Amino acid sequence: MRSRAETLGEALPALLAQAEHLASTVMLGEHGRRRAGMGDEFWQYRPAHAGDSASQLDWRRSARSDQHFVREREWQAAQTVSLWVDPARSMQFSGDKSRPPKSDRAQLLALALSVLLLRGGERVGLTGEAARPRAGRAQLLHLMEGMTRDLGEQDYGAPNVAGLMSHSRAVFFSDFLGDPEEVETALGMASDRGVKGALVQILDPAEEEFPFDGRTIFESMGGSLRHETLRAGDLRDRYLDRLAERKGRIETLARASGWHYLCHHSGQSAQSALLWLYTALERGR
């Protein structure tokens, strides 16, 4: 595990550069909360109502109409977003040597999302004790170090909900190929605290296509599971049915908890996944 951590640590500067570049392709500048409240950015004019004070009126806008208008600002109170990036061995899988493992894509998306959120003044952290939520660019280093320290040895991971703050936001990145009941338990605990967020299921294209035939040995990344067959092609339909059932269950659990769900392939554009995720968090405010 130490060797793996050191290898990842050497790649962190490049990973951060990738994350910042990815974030820059999605959105630049500070974002608001899309509702009226305390803030500096103009949001909209609205007709004045009984009870509005004279100091709230925008006299320049009102002078162009027979009606009085109030200038509203966009609410920009910071919120807390906690991330869980599955550290299990299954995330190290890649079906092609030219394609990075699922863990690389999960970390890239998590860091790029963090860049966007921190730029907007949010507090971002990791679940558990690895990196408590904080604001500011320096937090990116703590997030990367936390992902490195949390590398696990188990085959499949379960969401860690420790440290989630009440009524905050959370994002879980995983292949979700472990016990779905553990995901259900985690979402239940998060919902009890009023936490909403998104599940991002990351799969390798080979896991979606099952391009195997003939004699094949299937073995989990940690080596705890092993299956050998002479006719792998005969398993394809059953495997795809089971995978579809698993994805459907994870999506159903997310929706039942008021969360968003995305299945993302490591061979797809990371930009589209980041844009979806950023938008999903905005919709959940």
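Up top is the structure these notes are about.
Residues numbered from 1 in each chain as written. Predicted model: local features only at pLDDT ≥ 70, side-chain atom pairs only at ≥ 80, totals over all residues. Heavy atoms only, no water.

**Focus: the side chain of serine 82**
Part 1 of the argument: One can find serine 82 in strand β3 (residues 80-85).
Part 2 of the argument: According to the relative accessible area criterion, serine 82 is buried, its value standing at 2%.
Part 3 of the argument: Among all residues touching serine 82, those that are not within four sequence positions of it are Gly125, Thr127, Pro133, Leu164, Arg169, Ala170 and Val171. (Helix = DSSP H or I, 4+ residues; strand = E, 2+ residues; numbered from the N terminus. Buried < 20%, exposed > 50% of the residue type's maximum accessible area, 1.4 Å probe, protein only. Contact = heavy atoms within 4.5 Å.)

**A look at the sheet that holds strand β4 (residues 123-126)**
Part 1 of the argument: With respect to topology, five strands assemble into an open sheet ordered β4-β3-β5-β6-β9, the strand pairing being parallel. Here the strands that pair on one side only, and so sit at the sheet edges, are β4 and β9 (260-265). With direction set aside, neighbouring strand axes in the sheet form an average angle of 20°.
Part 2 of the argument: Where strand β6 (residues 196-203) and β9 come together, six bridges link them in parallel fashion. Pairing of alanine 198 across the sheet is with histidine 260, part of β9. (Pairing = 2+ DSSP bridges. Axes fitted to C-alpha atoms, helices over the stretch in contact; angles between N-to-C directions.)

**Things to note about the nonpolar core**
Soluble globular proteins: nonpolar side chains tend toward being buried together.
Part 1 of the argument: The biggest cluster of nonpolar side chains holds 41 residues, and the ones touching the most others in it are Leu83, Leu109, Leu111, Leu113, Val171, Phe173 and Leu274.
Part 2 of the argument: Secondary structure elements with two or more residues in this core: α1 (2-26), β3, α3 (102-119), β4, α4 (139-149), β5 (169-174), β6 and α8 (270-283).
Part 3 of the argument: For this core, the element with the highest residue contribution is α3, accounting for eleven residues.
Part 4 of the argument: Ignoring sequence-local partners within four residues, the contact set of leucine 83 consists of Ala110, Leu113, Ser114, Val124, Gly125, Leu126, Thr127, Val171 and Phe173.
Part 5 of the argument: Residues Leu203, Leu243, Ala254 and Cys263 belong to the second largest nonpolar core, which totals 20 residues. (Core = buried A, V, L, I, M, F, W, Y, C linked by side-chain atoms within 4.5 Å.)

**Points about α3**
Part 1 of the argument: The end-to-end C-alpha distance of α3, which contains 18 residues, comes to 26 Å, matching closely the 26 Å that a straight helix rising 1.5 Å per residue would cover.
Part 2 of the argument: Summarising burial for α3: 16 of the 18 residues are buried, a large majority.
Part 3 of the argument: Once α3 finishes, glycine 121 follows within two positions and takes phi at roughly 90°, a positive value. (Expected span 1.5 Å × (residues − 1).)

**Brief notes about the pattern of salt bridges**
Part 1 of the argument: For the structure on display, the rule yields nine salt bridges.
Part 2 of the argument: Residues arginine 249 and glutamate 184 are paired through a salt bridge, measuring 3.8 Å at the closest nitrogen-oxygen approach. Of the two residues, arginine 249 sits in helix α7 (residues 236-256) while glutamate 184 sits in helix α5 (residues 180-192), which places them 65 residues apart along the sequence.
Part 3 of the argument: Classification of glutamate 184 as partly exposed rests on a relative accessible area of 41%.
Part 4 of the argument: Salt-bridge contacts for arginine 231 lead to aspartate 234; the nearest nitrogen and oxygen are separated by 3.0 Å.
Part 5 of the argument: Under the relative-accessibility criterion, aspartate 234 is labelled partly exposed at 45%.
Part 6 of the argument: Several salt bridges converge on common partners, so that one network encompasses Lys102, Asp175 and Glu207. (Salt bridge = Lys/Arg side-chain N within 4 Å of Asp/Glu carboxyl O.)

**Quick notes on the layout of surface pockets**
Part 1 of the argument: Each pocket or cavity is described by its volume, and for the largest pocket that value is around 1200 Å³.
Part 2 of the argument: Tyr156, Leu177, Phe210, Phe218 and Tyr239 are, among the 27 residues lining the largest pocket, the residues nearest its centre.
Part 3 of the argument: Taken together, the elements giving at least two residues each to the lining of the largest pocket come down to α6 (205-209), β7 (216-219), β8 (226-229) and α7.
Part 4 of the argument: Tallying contributions element by element places α7 first for the lining of the largest pocket, with seven residues.
Part 5 of the argument: Residues of the lining of the largest pocket, tallied by class, amount to 14 nonpolar, four polar and nine charged. (1 Å grid on protein atoms, 1.4 Å probe; cavity = no way out; pocket = protein on both sides within 12 Å on 5 of 7 lines; lining within 4 Å. Points joined across faces, edges and corners; volume = space filled by probe spheres on them. Nonpolar A, V, L, I, M, F, W, Y, C, P; charged D, E, K, R; others polar.)

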